[in-house]
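Architecture and fold: a report
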Amino acid sequence: MEALGIDVGGSGVKAAPVDLSTGKRVVKRKRVPTPESSTPAAVYEVFDQLISHFDWKGPIGCALPGVVRNGVMLTAANVDDGWIGRDVRTDLEERYGQEVTVLNDADAAGIAENLFGAARELSGTVLLLTLGTGIGSALFTNGVLVPNTELGHLEFHGRDAEDYAAARLVSQERLIERDWAVRLNEYLNYVESVLTPDHFILGGGISKNFDRYADLLNTNATVRAARFRNRAGIIGAALATGEAV
Ligand code: BGC
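This is a predicted model, so every value here is computed, not measured. (Residues numbered from 1 in each chain as written. Predicted model: local features only at pLDDT ≥ 70, side-chain atom pairs only at ≥ 80, totals over all residues. Heavy atoms only, no water.)

Looking now at the overall build of the protein chain. Helices and strands together make up the secondary structure of the protein chain, namely 8 helices and 16 strands. Against the 2.2 N^0.38 benchmark of 18 Å for 245 residues, the protein chain shows a C-alpha radius of gyration of 17 Å, consistent with a compact globule. Each of the three principal axes of the protein chain carries a C-alpha extent, and together these read 50 × 35 × 30 Å. Counting over 245 residues, the protein chain shows a buried share of 51%. Put simply, of all contacts in the protein chain between residues at least 6 apart along the chain, 61% involve residues at least 24 apart. Surface summary for the protein chain: the accessible area is close to 10,900 Å², and the carbon and sulfur share equals 45%. Charge centroids of the protein chain, computed over 24 positive and 32 negative side chains, lie 8 Å from each other. (Helix = DSSP H or I, 4+ residues; strand = E, 2+ residues; numbered from the N terminus. Rg over C-alpha atoms; globule rule 2.2 N^0.38 Å. Buried < 20%, exposed > 50% of the residue type's maximum accessible area, 1.4 Å probe, protein only. Contact = heavy atoms within 4.5 Å. Areas by Shrake-Rupley, 256 points an atom, 1.4 Å probe, with all protein chains shown as cover. Lys, Arg positive; Asp, Glu negative; His and termini not counted. Charge placed at Lys NZ, Arg CZ, Asp CG, Glu CD.)

Rendered as structure tokens:
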């Protein structure tokens, strides 16, 4: 069984068909830049392109960069405000004439890591943080997801934590990677003081450089890099079509 996973990010919309029994993409993913004006209407047109690129007819899972409850997007920090209050699930089900699963992008990434990645063997409280344009969070306790935790928006140093410690500080604002990691460590310690997770998993593209800054991270919880990095949203969105999310 396969499903198409779509991941909407601040800079790109990515998709690939995924084998649900292995968590592997069955063909190369396709990426389309997120439209400058990232309204639902503009992004839905990108979905049309992606679906016709893969000539897709099967189940669809869609990961979005905001709080998603019952298919409705409730926040939109890094995409157009027009998403707020939008019933994305109903929009897409009407557009494509089939069931569509819609969930938060970090929760999707967490599902991928939990089923087939870095969290697979872990028990207890596991917190996955996706480090990219923003900071996404997915909280699991013994494999059960608590959706929409949004820990990137905790107030930290007088601002949103993601404005202090997201990976975009390195890519867009030229913060030196190890200086960023010092900030990340402060943030992890703060999150630890609130939730005391047993394990942190760090996702997003920057997690591939994990060995370059791991020595700066000193939480009591173990910290490890995600397995799927930037692919986790696509894979988790596809896998979510088989889960009750
Ligand atoms: C959003 C989250 C999202 C994260 C990563 C944050 O700004 O509020 O919902 O998971 O960015 O995209």
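As a further point, take the packing of aromatic side chains. For the structure on display, the rule yields 7 aromatic pairs. Here Phe156 and Tyr187 contribute two aromatic rings whose centre-to-centre distance is 6.1 Å and whose plane-to-plane angle is 65°, an arrangement assigned as edge-to-face. Of this pair, Phe156 sits in strand β13 (residues 155-156) while Tyr187 sits in helix α6 (residues 177-195), and the two are 31 residues apart along the sequence. Take Phe156 and Tyr187: they sit in the same class, and that class is buried. Through successive ring pairs, a cluster of aromatic residues spans Phe156, Tyr164, Tyr187 and Tyr190. One cation-aromatic arrangement involves Arg183 over Tyr164; the distance from NZ or CZ to the ring centre is 4.5 Å. (Phe/Tyr/Trp six-rings, centres within 6.5 Å; stacked < 30°, edge-to-face > 60°. Lys NZ or Arg CZ within 6 Å of the ring centre and 35° of its normal.)

Surrounding the ligand, one finds Pro65, Gly66, Ala77, Asn78, Asn104, Asp105, Ala106, Ile135, Gly136, Glu150, His153 and Glu162. In the environment of the ligand, an oxygen atom lies 3.2 Å from a nitrogen or oxygen atom belonging to the backbone of Gly66. Contact distances for the ligand include 2.8 Å between an oxygen atom and a side-chain N or O atom of Glu162. When the ligand is considered free in solution it has 310 Å² of accessible area, and contact with the protein chains removes 94% of it. Composition of the shell around the ligand by domain shows at least three residues from each of domain 1 (2-107 + 232-239) and domain 2 (121-226). (Near = heavy atom within 4 Å. Polar contact = N/O pair within 3.5 Å; in protein donor to acceptor, adjacent residues only side chain to side chain. Domains from an automatic or database assignment.)

Before going further, it helps to examine the sheet that holds strand β7 (residues 72-73). Within a beta sheet, neighbouring strands are joined by backbone hydrogen bonds and run either parallel or antiparallel to one another. Across the sheet, which stays open at both edges, the 3 strands sit in the order β6-β7-β8 with antiparallel pairing between neighbours. The open sheet has two free edges, formed respectively by β6 (68-69) and β8 (86-87), since each of these has just one partner strand. Of the pairings in the sheet, the one linking β6 to β7 comprises 2 bridges and is antiparallel in character. Each residue of the ladder has a partner; that of Arg69, found in β7, is Val72. (Pairing = 2+ DSSP bridges.)

This brings us to unusual backbone geometry. The phi angle at Asp55 is positive, at roughly 50°, despite the residue not being glycine. Phi angles above zero are rare outside glycine, and Thr196 is one such case at about 45°. Relative to the elements of secondary structure, Thr196 occurs in the loop between α6 and β15 (199-203). A relative accessible area of 54% places Thr196 in the exposed class.

Here helix α3 (residues 105-116) spans 17 Å end to end across 12 residues, near enough to the 16 Å set by a 1.5 Å rise per residue. Counting buried positions over the 12 residues of α3 gives 11, a clear majority of the element. One side-chain oxygen of the residue at the start of α3 lies 2.9 Å from the amide nitrogen of Ala106, identifying that residue as Asn104. (Expected span 1.5 Å × (residues − 1).)

Here the focus is the sheet that holds strand β11 (residues 135-141). Pairing is mixed across the open sheet formed by 5 strands, whose spatial order is β12-β11-β10-β15-β16. Edge strands, defined here as strands with exactly one partner in the open sheet, are β12 (144-146) and β16 (222-225). Taking the axes of each pair of neighbouring strands and ignoring which way they run, one obtains an average angle of 25° across the sheet. By the bridge criterion, 4 bridges tie β15 to β16 in an arrangement that is parallel. (Axes fitted to C-alpha atoms, helices over the stretch in contact; angles between N-to-C directions.)

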